[in-house]
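Survey of secondary and tertiary structure
Here's the letter readout for the chains.
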Amino acid sequence: MYTTELQNQAGKPKAQVASTEDPALLEAFEARVAADEFIEPKDWMPEAYRRTLVRQISQHAHSEIVGMLPEGNWISRAPTLRRKAVLLAKVQDEGGHGLYLYAAAETLGTSRDEMVEALHSGKAKYSTIFNYPTLTWADIGAIGWLVDGAAIMNQVPLQRTSYGPYARAMVRVCKEESFHQRQGYEIMMAMASGTPEQKRMAQDALNRWWWPSLMMFGPPDENSPNTAQSMRWRIKRDTNDELRQKFVDVTVPQAEAIGLTVPDPDLKWNEAKGGHDFGEIDWEEFYAVVRGEGPVAKERMKARIDAWNDGAWVREAALAHAAKRNARAAA
Amino acid sequence: MSGDRARIDYALRLGDDALVLGQRLGEWCGHAPMLEVDLGLANIALDLIGQAQHFLAHAGALEGHGRDADKLAFRRDVLDFKNCLLVEQPNGDFAQTIARQALFSTWHELMLQRLQGSSDTAIAAVAQKAVKEVAYHASFAREWVVRLGDGTAESRQRMVDGLDWMWRFVDELFAMDLVDQAMAEAGVGVDKSTLRPEWDHLIDAMLAEATLERPAPRRGVMGGREGRHSEHLGHMLSEMQFLQRAYPDAVW
Ligand SMILES: [Fe+2]
Ligand SMILES: [Fe+2]
């Protein structure tokens, strides 16, 4: 989900800098990637490939971490002990995904602290979806069902992405995401067949999360200038629109099965293309959220920055203690 | 007091300790000083919620009025909660959270070690599984006390303050009332007063490694086991129980 390249505006291609890299190395690299070989940390790689990967993997990691907040918001209010345990475990999994992904990005020569700094300064992006608030318990269902569902669509192909550490991280992550998706859907199912109040919450959650979920796949292909390069490098394996279509086609029948209505009057089955037609996405909202103007973007960033700043003395203490220990061991 | 009532209370005490501390630790999720600590605290919370499910389910079954673990967790008010006061104290800063955890988990591990041999087979079974989890909680927390105590000047001061803040709730952990006595005599429970020397030894060893002094003795604050709590518990319950209270007919 988080893997789409986010830029501040639609379709503004970056100026191409002429490569000064050794053409022979470049050719060999391109051939290996084209043959679906994995590139490993010690292998030669073009600088632009390295930069794009660091951006994409760190953005993905940040999304996992920021994504802990909207769901964490309901841990204290989960309605049963089982739901509380499942939610805690889910949020913990997302933190674990963040850890593997930071570790994968670090193999490219950027430290976790640098990546965290880029997040807090606003230089690095994270998925737009986490800038929306979780208002009722049904939102926890909707996030698991839709957001983790969209994440799976995006991430399953990345298990075969060209960069070895990223691909391997995705194998672990994908297993857990399918679990999350099922658990979220199960919450929605329980609520959609529950009391009128529960049903209302479930429908309202779908209404609010549907369009932001479709936006998770990133801008339409015609405004996604880096897609071709990323696909050639096997950093991306399907286009944004292909993945979005797949998500709609999988999710619409799931909504119908539990008696919920997808909030799109233009949604209809198109026999000829074997998929659904659906309404226009509000791209202006998407770009506003990418720019940091999402409904709770300020709160999300403040929560992360506060946690980081409030915890500074703990991290310093851990380092100081480790240094004292090492000094004592050496003495 | 009837033996049945005492046994129900005993299971409630074990369950409520775990539930209330698990709930507190869940508040850290997404806000801890570093990702590894966030995951560690969530892990402890998860273990405790699991233990609470088992102990409360057992209490409900003993009671025989059709109350399951969720009914007991989400439909009781403050006066019926039987946890010790230590676990309901607010998280404070990380040092305060760690102080609470080290003091409690060290006791909890000793309790569960003994409870593995409980004549109540349900309690014994939960204890056998939980004791391994809690051994990790105790070592996680004690290691952090050492790091913070023997870290920087700031972390040391915060650790001293955190231990000092929590220390008045220690005596309650070892206090024996009629329920405890009846259960110890029946072989269901533990004579908690006998755990104190070992607890003191473990805590003193931790403090020595952390280069910290033992907080000065003080009068213990008690009452949690009989439902006389601090002001904090009511706020915690109002948040935790909100959905079950607002929608009493709903199934989630
Ligand atoms: Fe994830
Ligand atoms: Fe997930």
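Residues numbered from 1 in each chain as written. Chains lettered and ligands numbered in written order. Predicted model: local features only at pLDDT ≥ 70, side-chain atom pairs only at ≥ 80, totals over all residues. Heavy atoms only, no water.

1. Focus: the overall build of chain A
Defined as follows: Secondary structure follows DSSP: runs of H or I at least 4 residues long count as helices, runs of E at least 2 residues long count as strands, and numbering of each begins at the N terminus. Here the globule rule reads 2.2 Å times residues to the power 0.38, and the radius of gyration is calculated from C-alpha atoms. A 1.4 Å probe rolled over the protein chains alone gives each residue an accessible area, and that area as a share of the maximum for its type sets the label: buried under 20%, exposed over 50%, partly exposed in between. We call two residues in contact whenever any of their non-hydrogen atoms come within 4.5 Å of each other. Surface exposure here means Shrake-Rupley accessible area, sampled with a 1.4 Å probe, where a residue is shielded only by the protein chains that are shown. Charge counting treats Lys and Arg as positive and Asp and Glu as negative, with His and both chain ends excluded. Where a charge lies is defined by one atom per residue type: Lys uses NZ, Arg uses CZ, Asp uses CG and Glu uses CD.
For chain A, the helix and strand inventory stands at 13 helices and 2 strands. Here chain A has a C-alpha radius of gyration of 21 Å; the compact-globule value for 331 residues is 20 Å, and the two agree. With the principal axes as the frame, chain A shows a C-alpha extent of 65 × 55 × 30 Å. For chain A, with 331 residues in total, the buried portion stands at 56%. Summarising the internal contacts of chain A: among those between residues at least 6 apart in sequence, 79% fall at separations of at least 24. Looking at chain A as shown, the accessible area adds up to about 14100 Å², and 55% of this sits on carbon and sulfur atoms. In chain A, 40 positive and 45 negative side-chain charges are present, and the distance between their average locations comes to 6 Å.

2. Considerations on the packing of aromatic side chains
Put simply, the rule is: Only centres within 6.5 Å qualify two rings of Phe, Tyr or Trp (six-membered ring in Trp) as a pair; their planes then separate them into stacked at under 30 degrees, edge-to-face at over 60, and tilted for everything else. Here, a charge over a ring means that NZ of Lys or CZ of Arg falls within 6 Å of the ring centre while also lying within 35 degrees of the ring normal.
Counted according to the given criterion, the structure contains 18 aromatic pairs over all chains. Note on Trp 74 of chain A and Phe 242 of chain B: the rings are 6.4 Å apart at their centroids and 40° apart in plane angle, and the pair reads as tilted. With one member in each of two chains, Trp 74 of chain A in the loop between α3 (68–72) and α4 (81–106) and Phe 242 of chain B in helix α12 (residues 242–246) form a pair that bridges those chains. The exposure class of Phe 242 of chain B is partly exposed, given its relative accessible area of 33%. Both rings, one in Phe 286 of chain A and one in Tyr 287 of chain A, keep their centres 5.0 Å apart while their planes meet at 75°; by these two values the pair is edge-to-face. A relative accessible area of 9% places Tyr 287 of chain A in the buried class. Among the aromatic side chains, those forming a connected cluster through ring pairs are Phe 29, Trp 44, Tyr 49 and Trp 233 of chain A. When the ring centre of Trp 74 of chain A is taken as reference, the NZ or CZ atom of Arg 77 of chain A above it lies at 3.7 Å. Here the basic side chain of Arg 315 of chain A rests over the ring of Trp 308 of chain A, its NZ or CZ set 3.5 Å away from the ring centre.

3. Focus on the coordination of the iron ion (ligand 1)
Four donors placed tetrahedrally around a metal ideally meet at 109.5 degrees, and six donors placed octahedrally ideally meet at 90 or 180 degrees. Residue and element names in this part refer to chain A. Rule in force here: Coordination shells were defined by N, O and S atoms within 2.8 Å of each metal, extended to 3.2 Å for Na, K and Ca; water is absent from the atom set, which can make sites look incomplete.
Of the protein atoms, only Glu 64 (OE), Glu 64 (OE), Glu 94 (OE), His 97 (ND1) and Glu 177 (OE) coordinate the iron ion (ligand 1), at distances of 2.0 to 2.8 Å. The metal-metal distance between the iron ion (ligand 1) and the iron ion (ligand 2) is 3.5 Å, with Glu 94 coordinating both. With Glu 64 in helix α2 (residues 47–66) and Glu 94 in helix α4, this pair connects stretches of sequence that are 30 residues apart. Considered together, Glu 64 and Glu 94 belong to a single accessibility category, that of buried residues.

4. Quick notes on the confidence of the model for chain B
Defined as follows: Confidence of the predictor in every single residue is expressed as pLDDT, which spans 0 to 100.
The predicted model of chain B averages 97 in pLDDT, with 100% of residues at 70 or higher. Scored as a whole, the predicted complex attains pTM 0.95, and scored at its interfaces, ipTM 0.97.

5. So, the side chain of Asp 139 of chain A
Residue and element names in this part refer to chain A. Summarising the element assignment, Asp 139 is placed in helix α6 (residues 137–155). By relative accessible area, which is 0% here, Asp 139 ends up buried. Asp 139 has contacts with Pro 133, Thr 134, Ala 205, Arg 208 and Trp 209, leaving out every residue within four places of it along the chain.

6. Structural notes on the confidence of the model for chain A
Chain-level statistics for chain A give a pLDDT mean of 94 and a share of 94% at 70 or above. Within the model, pLDDT remains below 50 along residues 11–15 of chain A, and this stretch shows 9 contacts once partners closer than five positions in the same chain are excluded.

7. Some points on the coordination of the iron ion (ligand 2)
Under the convention used in this document: Under the classification used here, a metal with four donors is tetrahedral if each angle lies between 85 and 135 degrees, square planar if opposite donors are over 155 degrees apart and the others between 65 and 115, a six-donor metal meeting that same test is octahedral, and anything else is irregular.
Those donors, Glu 94 of chain A (OE), Asp 148 of chain A (OD), Glu 177 of chain A (OE) and His 180 of chain A (ND1), are the protein atoms that reach the iron ion (ligand 2), and they lie 1.8 to 2.2 Å from it. Coordination at the iron ion (ligand 2) is irregular, judged from the 4 donor atoms that bind it and the angles of 92 to 152° they form at the metal.

8. A word on unusual backbone geometry
In this model, Arg 234 of chain A sits at a positive phi of 60°, which is unusual for a non-glycine residue. With respect to the secondary-structure elements, Arg 234 of chain A resides in the loop between α9 (227–232) and α10 (240–257). Here Thr 211 of chain B, not a glycine, exhibits a phi torsion of approximately 55°, which is positive. Here Thr 211 of chain B shows up in the loop between α10 (196–209) and α11 (231–240). The class for Thr 211 of chain B is partly exposed, based on a relative accessible area of 38%.

9. Side note on helix α6 (residues 121–149) of chain B
Residues and elements named next belong to chain B. Cut-off, in case you're wondering: For a helix, the expected span equals 1.5 Å multiplied by the number of residues minus one. Consider a residue and the seven residues that end there alongside the seven that start there; fitting an axis to each set, the bend is the angle between those axes. As used in this structure description, the phrase polar contact means that two N or O atoms lie within 3.5 Å; if the pair is within protein, one of them must be able to donate a hydrogen and the other to accept it, and residues adjacent in sequence are counted only when both atoms belong to side chains.
The end-to-end C-alpha separation of α6 is 40 Å, in line with the 42 Å expected for 29 residues at 1.5 Å each. Its maximal kink placed at Ala 130, α6 deviates by approximately 35°. Two or three places before Ala 122, at the start of α6, stands the capping residue Asp 120, its side-chain oxygen 3.0 Å from that residue's backbone nitrogen.

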